[in-house]
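Commentary on secondary and tertiary structure
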Amino acid sequence: MDTEAYDAEMKKIVDKANEEPPTRDIFQNKHAARSLMTDLRTRVVDLSKEMPDSVTALHQAADIHVVIAGNLFEVESFEDGYEYLEKAENMLQTLRNKSLPYNWNEGYKKGTLLTLRTSFGDDVDRTFAHTLLTAFNMAGFHWCARGGQDKALQCLHHSMKIYEDFDKWAKKEGDTGHEGLKVSDDGRTTEGGSLSQMRGEVEKVYTSTLFYLAQVYGNDSNSSEAQKYCHLTLQRQLASKKEFDRLEWAINALGLTSFYLCANDYGAARHCIQAAESVMGPLAEDPALKDDEKTQQTIANIHQAYAKWALYLVRYYRDEYTGNKDDDEPEPPKSIPFEWWVDFTCDIEKPAQPEPIPRGAKGWPIVLSLFREAHARYKKALEWYCFDGFVTDYIAIMQDISHFLKAIMVWGEEPEDYYGHGTDRRVAVLKERAKLLEPLPGQLNAKHYLNLQRQVWFELGEIFLEASDLRIAQRNHRREIADKSLPLSKAAVNKVMVKAATYFEKFYTTFEDDGSTIAPPELDPDLCHAYISAKMHGIRLRSKLYASNPKQEYDQLNVACTEYNQLVAWAQAHPQFASRLSQEETTKLQIELASEMVQLLPSKMRDLQKVYMSSA
């Protein structure tokens, strides 16, 4: 069949398959298109039989078989689709080996698709690489859909080897390669003749190969390989200059950010965020998309991703400084080298690890600048992720801001002066964190958002616990130097401790049955550590309150001793938690501490009892 006539027929078939179905049967147009495909197949096969030496006729027959296979895969007729692929492969094998005519009477050889040669001699025709790549991509899709990950990878790696063979051959023929392919702004080949046109077709299909590999490795839980092929797919979409879905591109680029952050590659992570922002630029400026939910949500996600990138970077250096007491400056993060890496071809800076953040006062302006920029980004994200409608996202952002404030205080801590004034800045930051989080739990419905309430209550407990420890240390310091000019009352310190204890109690009582003061046996072992930590903090804080007289202090210790006893008895009575406790060193130590307190407190209580009895 004349090539132009064949292409025109194929265009009609593709248009029919992509039409919106007139009924609820989503496959109706697919079936109608396959009827047209089958008719075209009959004609090109008959023509190939009439013209047994025609390369074009047999190539068209193989091509329509691949197209029918794709249609069958779309309507979930996998076995039939795979049969058509194997028939197409038999024809392509004949074409590649220049062994015409094709024996139509012999029938096709089954089971040959995964046993093909992928490297051929110089005398073998590569004209059909595009159709062969398409066939292997579809075979990979078929096996992936059927759960055959290993066979899917075999097919797709066959595609890669065929592409590599084609690339090597084409360059020998004078082709400039993928990077040198000259295309117009709409993605069409502008010059280079048939070889360049062939290159354009092959590159388009090979991009799909990389995309399918990302999907298969993702399904196989191989995140490293999945991210690699996703990255390469995104770059090829940019380099091709063909129109692509900017929204989906940006979403996938943001997905790569988390992977690179986990690999400590902050330069690569920022590169992905900047690329997503660059690609989304035209959509962000389009007034028609101002109310488009997916567009606005993706823009918000870009702002949030940048803020989270800054948070991770500051946390990295915070952990380096707190874990290393030497005065030496830490090395920059050691990222995992990616030999396959390619930069995204956007108008953005080259990926590079950020400069190290210096220790102490020298680093304070840097982390403060990062916080301010991140805070501005979080505010932009909150324009979309408002509390009404996006409760979980809203609270996650508020918690991130709180965590950022916590992280930068490693640089913001002032040395204690004679009066202990360095504590004041730390307490001020803790108050700011509490101000962010305190309104949140009361706005949540416990029936639907209990876990969120628990998270916020526990964090608030930790905030006020740290504040109370700072205030107690500050008060003791002032008492040691007999400073009376800046009094810090017991009542003020007690107020902070009561707040901390209250939030921990709000947390752990959600695990306890009504009327009970201990968790039930059904407590999830994964929550065991948090429950025991909150319980221990609450008991300790109540027992440390400044008492106005010995009787009050005795009563506080009596309650603490009872609760410590209950906690120890609970841990011993439920062997299902024994293995968890032995694995969690911190939790194990807390239970041991509770056991020690059960032994020590009665002695102190007897002394207090003697004091208040003698004064009665």
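Quick notes on the rules
- Residues numbered from 1 in each chain as written.
- Predicted model: local features only at pLDDT ≥ 70, side-chain atom pairs only at ≥ 80, totals over all residues.
- Heavy atoms only, no water.
- Salt bridge = Lys/Arg side-chain N within 4 Å of Asp/Glu carboxyl O.
- Helix = DSSP H or I, 4+ residues; strand = E, 2+ residues; numbered from the N terminus.
- Buried < 20%, exposed > 50% of the residue type's maximum accessible area, 1.4 Å probe, protein only.
- Expected span 1.5 Å × (residues − 1).
- Core = buried A, V, L, I, M, F, W, Y, C linked by side-chain atoms within 4.5 Å.
- Contact = heavy atoms within 4.5 Å.
- pLDDT = per-residue confidence, 0-100.
- Polar contact = N/O pair within 3.5 Å; in protein donor to acceptor, adjacent residues only side chain to side chain.
- Axes fitted to C-alpha atoms, helices over the stretch in contact; angles between N-to-C directions.
- Parallel < 35°, antiparallel > 145°, perpendicular 65-115°, else oblique.
- Left-handed = near helix turned anticlockwise from the far one by under 90°.
- Nonpolar A, V, L, I, M, F, W, Y, C, P; charged D, E, K, R; others polar.

**Brief notes about the pattern of salt bridges**
Oppositely charged side chains may form a pair once their charged atoms are brought near each other. Overall, the coordinates contain 19 salt bridges when judged by the stated rule. For Glu 203, the salt bridge is made with Arg 236, and the minimal N-O distance between the two is 2.1 Å. Of this pair, Glu 203 sits in helix H7 (residues 193-219) while Arg 236 is found in helix H8 (residues 223-240), placing the two residues 33 residues apart along the sequence. For the pair Glu 203 and Arg 236, one class covers both residues: buried. The salt bridge partner of Asp 319 is Arg 318, with a shortest N-O separation of 2.9 Å.

**Details of helix H17 (residues 528-544)**
Spanning 17 residues, H17 covers 24 Å between terminal C-alpha atoms, matching the ideal 24 Å at 1.5 Å per step. Burial in H17 covers these residues: Cys 528, Tyr 531, Ile 532, Ser 533, Ala 534, Lys 535, Met 536, Gly 538, Ile 539, Leu 541 and Ser 543.

**Some remarks on the nonpolar core**
Formed by 180 residues in total, the largest nonpolar core has its most connected members in Trp 249, Tyr 260, Trp 309, Phe 344, Phe 404, Tyr 531 and Trp 570. Examining the composition of this core, we find that 14 residues originate from one element, helix H11 (residues 293-323), more than from any other. Excluding residues within four positions of it along the chain, Trp 309 makes contact with Leu 261, Tyr 266, Ala 269, Arg 270, Ile 273, Pro 354 and Leu 370.

**A word on the confidence of the model for the protein**
For the protein, the average pLDDT comes to 82, and 84% of its residues sit at 70 or higher. Per-residue pLDDT, averaged within each element of the protein, yields its smallest value for helix H19 (residues 578-583) (60) and its largest for helix H12 (residues 364-382) (94). Predicted confidence is poor over residues 117-121, with pLDDT under 50, and the contacts of this stretch with residues over four places away or in other chains come to 10 contacts. Confidence over residues 180-193 falls short of pLDDT 50; this stretch has 24 contacts with residues more than four positions distant or in other chains.

**A short note on the side chain of Glu 459**
As for its position among the elements, Glu 459 is in helix H15 (residues 446-480). Polar contacts involving the side chain of Glu 459 include one to the side chain of His 403, which spans 3.3 Å. When sequence neighbours within four positions are dropped, the list of residues in contact with Glu 459 reads Gln 399, Ser 402, His 403, Arg 433 and Leu 437.

**Remarks on the environment of Trp 570**
Turning to its location among the elements, Trp 570 is positioned in helix H18 (residues 550-573). Given the relative accessible area of 3%, Trp 570 is considered buried. Residues Trp 570 and Ala 519, 51 residues apart in the sequence, show an inter-C-alpha distance of 8.0 Å.

**Description of the packing of helix H3 (residues 55-74) against helix H5 (residues 129-145)**
Contact geometry of H3 with H5 gives a least axis separation of 10 Å together with a crossing angle of 20 degrees. Between H3 and H5, the crossing angle belongs to the class labelled roughly parallel. The element H3 and its partner H5 pack so that their crossing is left-handed. Of the residues in H5, those in contact with His 59, Ala 62, Asp 63, Val 66, Ala 69, Gly 70 and Phe 73 of H3 are Thr 131, Thr 134, Ala 135, Met 138, Ala 139, Phe 141 and His 142. Here the contact of H3 with H5 is composed, by residue class, of eight nonpolar, five polar and one charged.

**Thoughts on unusual backbone geometry**
For Ser 221, which is not glycine, the phi torsion reads 60 degrees and is therefore positive. Relative to the assigned elements, Ser 221 resides in the loop between H7 and H8. Look at Ser 221 and you get exposed, because its relative accessible area is 68%. Phi at Asn 264 takes a positive value of approximately 60 degrees, unusual for a residue other than glycine. On the basis of relative accessible area, Asn 264 is assigned to the partly exposed category, the value being 26%.

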